[in-house]
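# A closer look at the structure
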Amino acid sequence: MINKNIKGTSALRQKNRIQIIDYIRKNAPVTRIDIFNGTNISRPTITRIVKQLVEEKIVEESGMVETHAGRKPIYLKLRKSALCCMGMNIYRNNIRASIIDLDKNILISKKVSINNVKTQKEFLETVLDMIHSLIDESKISIKHVIGIGIGSSGVVDYDKGILHNFNPHLNIRNIPLKAFLEKELNIQTFVDNNPNTRALGEYWYGYGRGYKDIAYIVCGEGIGSGIIVDGNILRGKNNITGEFGHMTVAVNGRECNCGRYGCVEAYCSTEGIEKILNEKISQVDTSPIKDFIKGNRSKLNYSLICEFYNKDRYCKEVLDQATTILSIGLSNLMGILNPEIIVLSGELFDNDFMFDQVIDKTKQEVFTDLIGDIKFKKREQMDYVYEIGAAALVYKAYFKNV
C-alpha cells in the first residue's frame, strides 16, 4: 500500500523498494546484477530488498542464467497478482470495478446497479460491499492491493475525494468517498472525475501511448473532457479544468443544465439533441419520426433520431447542428491546447456517421493547417480501458518518485 507519511531513512528504503519493483516489472526476467546496472541502488541494498520481496511472495526466482564459469545468477520476476490495484468507475446508474495487476491485466470485474440507492449511507455501503466482494472472489490478499482509483461522473473534489454530485437526478451530495474508504479499508484511495481517469487510461494504455499531449472528450447525456499536458492531467487552480461541455459557442443561445446559455452541451449532448428535436416536432403537424412514435415521447431517444437521419428533415437538422457546434468547440480547443491526439467517446459516437461528420467539420474549422494534422480516434463506450485509467491514478502515485 502507498504510505505518504514515511520520512527520512524509511522514505529512502520505500523509494528503493518501489524502484526495484518497477525495474523488475518493466524488464523481467532480470537478475540482481541487471537491477544494479539499471538503477543507482547499491548491491547490498538490492540483495536485502529482493530477499524481502521473495519472502513476501511479491517476487519469485525462476531459473538460472547460463554462464561459462562462476556462480550462476538467478532470474527474478514479479509473481502474478503480487501487487495490484482496483479501478472503479461510478456512473449515474451503475458502478463498474476491476482488480488490475501491474501488467494492466484485468483479473476480475464486477458491475452493480445503483438505481435503487437513495441515501449517502446506502451509496457508501454499496461501494464498500462491491470492493469486499471483488477481493473475496479474486482470492487476492488485501495487503497486496496497493490502492484504489475511482473515476466518477459529476463534480469531484480531487484533493479531498468528495463527490459533489455524481447524479443530478438524485438528492445525494458531497459524498466523502475517499475518507470513508481509507478509514474502512486502510488503503489509499484516489477519486477523480471520469474524463480525467479516461484520459489517463488513454495516455498509459490506450490510443495516447507515445503522445505527451492528449484531449479526451466524452459526449453522452452530458459532455466532459480530460486533458493531458506533458504526461500530466491538466487540473488548474481548483481542479476543474477541462469543462469543455460548458464552453460558450452561441451567445444568447439555448439554456444549458448548468444555468448558463449557449454551451456546447446544450446542443451536442444526447439529452440536448432529444430536447431540441422534441421542440421542433411539437410545432409541426407531421413528420416521419413524429408519426412513428405516435405521441409516445418516451420513444424519442438519441438512437432513434439517428435512425431517422435520412428519413426526417428535422432529425437531420438537429444532428447536423450538433456536429457543426461540436466541431466549433473542438477547433477552439485545438487552437488553445494544440494536442497531438483527440480521443472521442460516448453515446454520441455510437453511429460512425456522427464521428465522421465531426472530424470533417472540425478540420474545416481550424484556423491554420499547422494544427490540421492532429489525430482523432474513437473509443468504444464500454471498453475496460476506463477501469484501467482509474487504476492508473494509483500506479502514477506509487511509481511517481522512481
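Described in the following lines is the structure provided in the data block. (Residues numbered from 1 in each chain as written. Predicted model: local features only at pLDDT ≥ 70, side-chain atom pairs only at ≥ 80, totals over all residues. Heavy atoms only, no water.)

### A word on the environment of Ala266
Mapping Ala266 onto the fold places it in helix 7 (residues 264-268). Residue Ala266 is classed as buried on the basis of its relative accessible area, which comes to 7%. A C-alpha to C-alpha distance of 6.3 Å links Ala266 and Arg254, two positions 12 residues apart in sequence. With residues near it in sequence (within four places) discarded, Ala266 still touches Arg254, Glu255, Cys256, Gly272 and Ile276. (Helix = DSSP H or I, 4+ residues; strand = E, 2+ residues; numbered from the N terminus. Buried < 20%, exposed > 50% of the residue type's maximum accessible area, 1.4 Å probe, protein only. Contact = heavy atoms within 4.5 Å.)

### Quick look at the sheet that holds strand 13 (residues 341-345)
Pairing within the open sheet is mixed, and its 5 strands lie in the order 12-11-10-13-14. The open sheet terminates on both sides in strands that have one partner only, identified here as strand 12 (232-233) and strand 14 (375-379). Across the sheet, helix 11 (residues 313-337) is in contact with strand 10 (214-219), strand 11 (223-229), strand 13 and strand 14; its angle to strand 10 comes to roughly 160°. The sheet strands contacting helix 12 (residues 352-365) are strand 13 and strand 14, and the helix crosses strand 14 at an angle near 160°. (Pairing = 2+ DSSP bridges. Axes fitted to C-alpha atoms, helices over the stretch in contact; angles between N-to-C directions.)

### Things to note about the sheet that holds strand 9 (residues 189-193)
Pairing in this open sheet of 5 strands is mixed, and the strands run 5-4-3-6-9 from one edge to the other. In this open sheet, the two edge strands, each paired with only one partner strand, are strand 5 (106-113) and strand 9. Along the sheet, successive strands turn relative to each other by an average axial angle of 15°, direction set aside. Here 7 bridges tie strand 3 (residues 84-90) to strand 4 (residues 94-101), and the two strands are oriented antiparallel to one another.

### Quick notes on the pattern of salt bridges
By the definition in use, this model includes 20 salt bridges. For Asp22, the salt bridge is made with Lys26, and the minimal N-O distance between the two is 3.2 Å. Taken as a pair, Asp22 and Lys26 lie in helix 1 (residues 8-27) at a separation of 4 residues, close to a single helical turn. On the basis of relative accessibility, which here comes to 3%, the residue Asp22 falls in the buried class. The partner of Lys378 in a salt bridge is Asp352, and the shortest N-O contact between them spans 2.7 Å. Of this pair, Lys378 sits in strand 14 while Asp352 sits in helix 12, placing them 26 residues apart in sequence. Asp352 gets classed as partly exposed once you look at its relative accessible area, which sits at 48%. (Salt bridge = Lys/Arg side-chain N within 4 Å of Asp/Glu carboxyl O.)

### Things to note about the pairing of strand 10
With 6 of 6 residues buried, strand 10 lies mostly within the body of the structure. Burial of strand 10 is two-sided: the residues Ile214, Tyr216 and Val218 facing one way and the residues Ala215, Ile217 and Cys219 facing the other way are all buried. Note: strand 10 against strand 11, 6 bridges, orientation antiparallel. Each residue of the ladder has a partner; that of Ile217, found in strand 11, is Ser225.

### Section: the side chain of Arg17
Relative to the assigned elements, Arg17 resides in helix 1. Arg17 sits in the buried class, given a relative accessible area of 17%. Those residues in contact with Arg17, other than ones at most four positions away along the chain, are Ile49, Gln52, Leu53, Glu56 and Ile58.

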